[in-house]
Amino acid sequence: MRSKEYYVTLTGGKINIGDFLITYRCEKLLNHLRPDRDLIKINSWENLEENLELINNSKGIIIYGGPGYQPQMYPKIYKIVDDLEKIKVPIIPLGLGWYGYPGDEITLENYKFSKKTFNFLKDHVEKKGINLSCRDYYTRKMLKNNGLKNVKMTGCPVWYDLESLGKEVESLKNIKKVVYTPAQDKTFKDQSIEVMKILRKKFPKAEIYCSFHRGLGIKNHYTKDWEVENTKKIASAAKNLNIIPIDTAFDLEKIKFYDECDLHVGYRVHGHIYFLSKRKPSILLHEDGRGKGVSEALNILGIDAFKRNILSKTIEKSNDFLFRVMKKFNFIILPDDKALKILDRYLDEEIENGFIRFKGVGKIIDENYEEMSNFIKKLP
C-alpha cells in the first residue's frame, strides 16, 4: 500500500547526458511543486502493457522533456501501448520540444505529424483536458500548425535550477575555465575543430574542456561506428590544441565540474541550458531546430552552424520521400563558414563588455518558471 498517490514518469536517458539532466530537473521540479505525489520511473521507449495496473492506479503518465514532439512520436518514440483505450489516466507531456531538421521556417511549414501521432495527442492528451506543455515558441507554433489548440509554453524543465531562481547572469571579466561541446553530427566535424581553434586563440591561458555528451570513442549499444570515429578525431584535435577531452555520457556526476567553469560555447543544447540555468553565459551554435527554439525563447543570440543545400528547399516542399532519402545520406545541410566569423566577432564583443548581453536571461527564465509552476500545480 503506497503512502501517497503517484505519477508514472517516462524518462529517455540512455547515453546522452542531456537526457539524464532532463530527468533530474523534472524530478526536482515535481518533488518541489507536487510533494503530494510520488514518482515511479519507467523507460520511455518501453511498451507499457505489463505496467497497466500500475499506470491506471496512478494520477497520470508524465512524459519528461526532450525533443519528443516528432512526426512519429507515437508509437515510434513512445510505444505506450498498442491500444491506447487501455490507458485510463491522463498522459501529460512536460516541456517537450520539436526536432526540426534543419530547423528553419521551411521546416516549420512542412513539419507534419503522422495520423497516429496526431490522434494520440488530440484524443489522449488534449481531449483529456491536458495542455500540451512545450519548451519553446517554435514548438508551440508547430503544434498549432498541426491543428492542436491546448498548447502551453512552459519552457524546458532544464531551464529551472531551483537554487538559481531570482538571480541574474553576472558580468564576466576573468575567464579561467571554458566548457566546449562539439557537434554530434559528423557534418560539422571540421567546423567543430575550427571552433576549438577560435576558443584557444581567444582564451590562451584558460583551461578548456571538450565535453562529449554522448560519449567519447567507445562503441556500445547506443553508438554507431561513425560516431566513435568522429569523436576520436575531434578529441585528437583537442589534445593538439591543449584542450582537455572528457567523456561526459551516462552519469550526471561527470558534469559537476561545469559548476566550476565560467563559460560554455558549443553545439549541445543541454550544455548551453545548464550554464544559463546556473546564470552563467553560454553561446550556442545551432545544429538544427532544437537549438534555434531555445535561442529564440530566451531572447539571446544563437548562431546557425548550418546552411541548406539549395536543392533541399524545393525537395522538402514537393517530395517527402526524396527529402527523407537526402536526409539519410546527409545531403540536406552544409556547414556554414559564416558561423565561424559570427562566433569570432561575438566572442570579441562579449569579452570586451563582460558578457553584458546576457543580462536579462535570468528574468526571462524566472518568468517562464511561473508558467511551468502553474502548469505543474494544476496537474491531477
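Residues numbered from 1 in each chain as written. Predicted model: local features only at pLDDT ≥ 70, side-chain atom pairs only at ≥ 80, totals over all residues. Heavy atoms only, no water.

1. What about the sheet that holds strand 12 (residues 303-304)?
Strand order in this open sheet of six strands is 9-8-7-10-11-12, and the pairing throughout is parallel. Two strands in the sheet have a free side with no partner beyond their single neighbour: strand 9 (244-247) and strand 12. Inspection of the sheet shows strand 7 (residues 177-181) paired to strand 8 (residues 207-212) by four bridges, in the parallel sense. Bridge assignment links Val178 to a residue of strand 8, and that residue is Ile208. Of the strands in this sheet, strand 8 and strand 9 are in contact with helix 8 (residues 225-240), which crosses strand 8 at around 175 degrees. Each of strand 7, strand 10 (263-266) and strand 11 (282-286) touches helix 9 (residues 269-277); the most contacted strand, strand 11, lies at about 160 degrees to it. (Pairing = 2+ DSSP bridges. Helix = DSSP H or I, 4+ residues; strand = E, 2+ residues; numbered from the N terminus. Contact = heavy atoms within 4.5 Å. Axes fitted to C-alpha atoms, helices over the stretch in contact; angles between N-to-C directions.)

2. Thoughts on the side chain of Ser211
Relative to the assigned elements, Ser211 resides in strand 8. A polar atom in the side chain of Ser211 sits 2.8 Å from the side chain of Thr248. (Polar contact = N/O pair within 3.5 Å; in protein donor to acceptor, adjacent residues only side chain to side chain.)

3. Examining the nonpolar core
Counting residues in hydrophobic clusters, the biggest one holds 118 residues, and the most contacted among them are Tyr69 and Ile80. By residue number, the principal contributor to this core is helix 1 (residues 17-33), which donates seven residues. Those residues in contact with Ile80, other than ones at most four positions away along the chain, are Leu10, Glu46, Asn47, Leu48, Glu49, Tyr74, Ile87 and Phe120. (Core = buried A, V, L, I, M, F, W, Y, C linked by side-chain atoms within 4.5 Å. Buried < 20%, exposed > 50% of the residue type's maximum accessible area, 1.4 Å probe, protein only.)

4. Regarding a nonpolar patch on the surface
Judged by side-chain polarity, Phe321, Leu322 and Val325 come together as a nonpolar surface patch covering roughly 250 Å² of accessible area. Position of Phe321 relative to the elements: it lies in helix 12 (residues 320-328). (Patch = residues over 30% accessible without salt bridge, like charges linked within 9 Å, V, L, I, M, F, W, Y side chains within 5 Å. Areas by Shrake-Rupley, 256 points an atom, 1.4 Å probe, with all protein chains shown as cover. Salt bridge = Lys/Arg side-chain N within 4 Å of Asp/Glu carboxyl O.)

5. Regarding the pattern of salt bridges
A complete count under the given rule lists 30 salt bridges for this structure. Lys86 is the salt-bridge partner of Glu49, the closest N and O atoms lying 2.7 Å from each other. Here Lys86 lies in the loop between helix 3 (73-77) and strand 4 (91-94) and Glu49 lies in the loop between strand 2 (37-43) and helix 2 (52-56), a separation of 37 residues in the sequence. A relative accessible area of 34% means that Lys86 is categorised as partly exposed. Of the charged contacts, one joins Lys278 and Asp161 as a salt bridge, the two residues approaching to 3.5 Å between their closest N and O atoms.

These results come straight from atomic positions and should not be treated as a statement about function.
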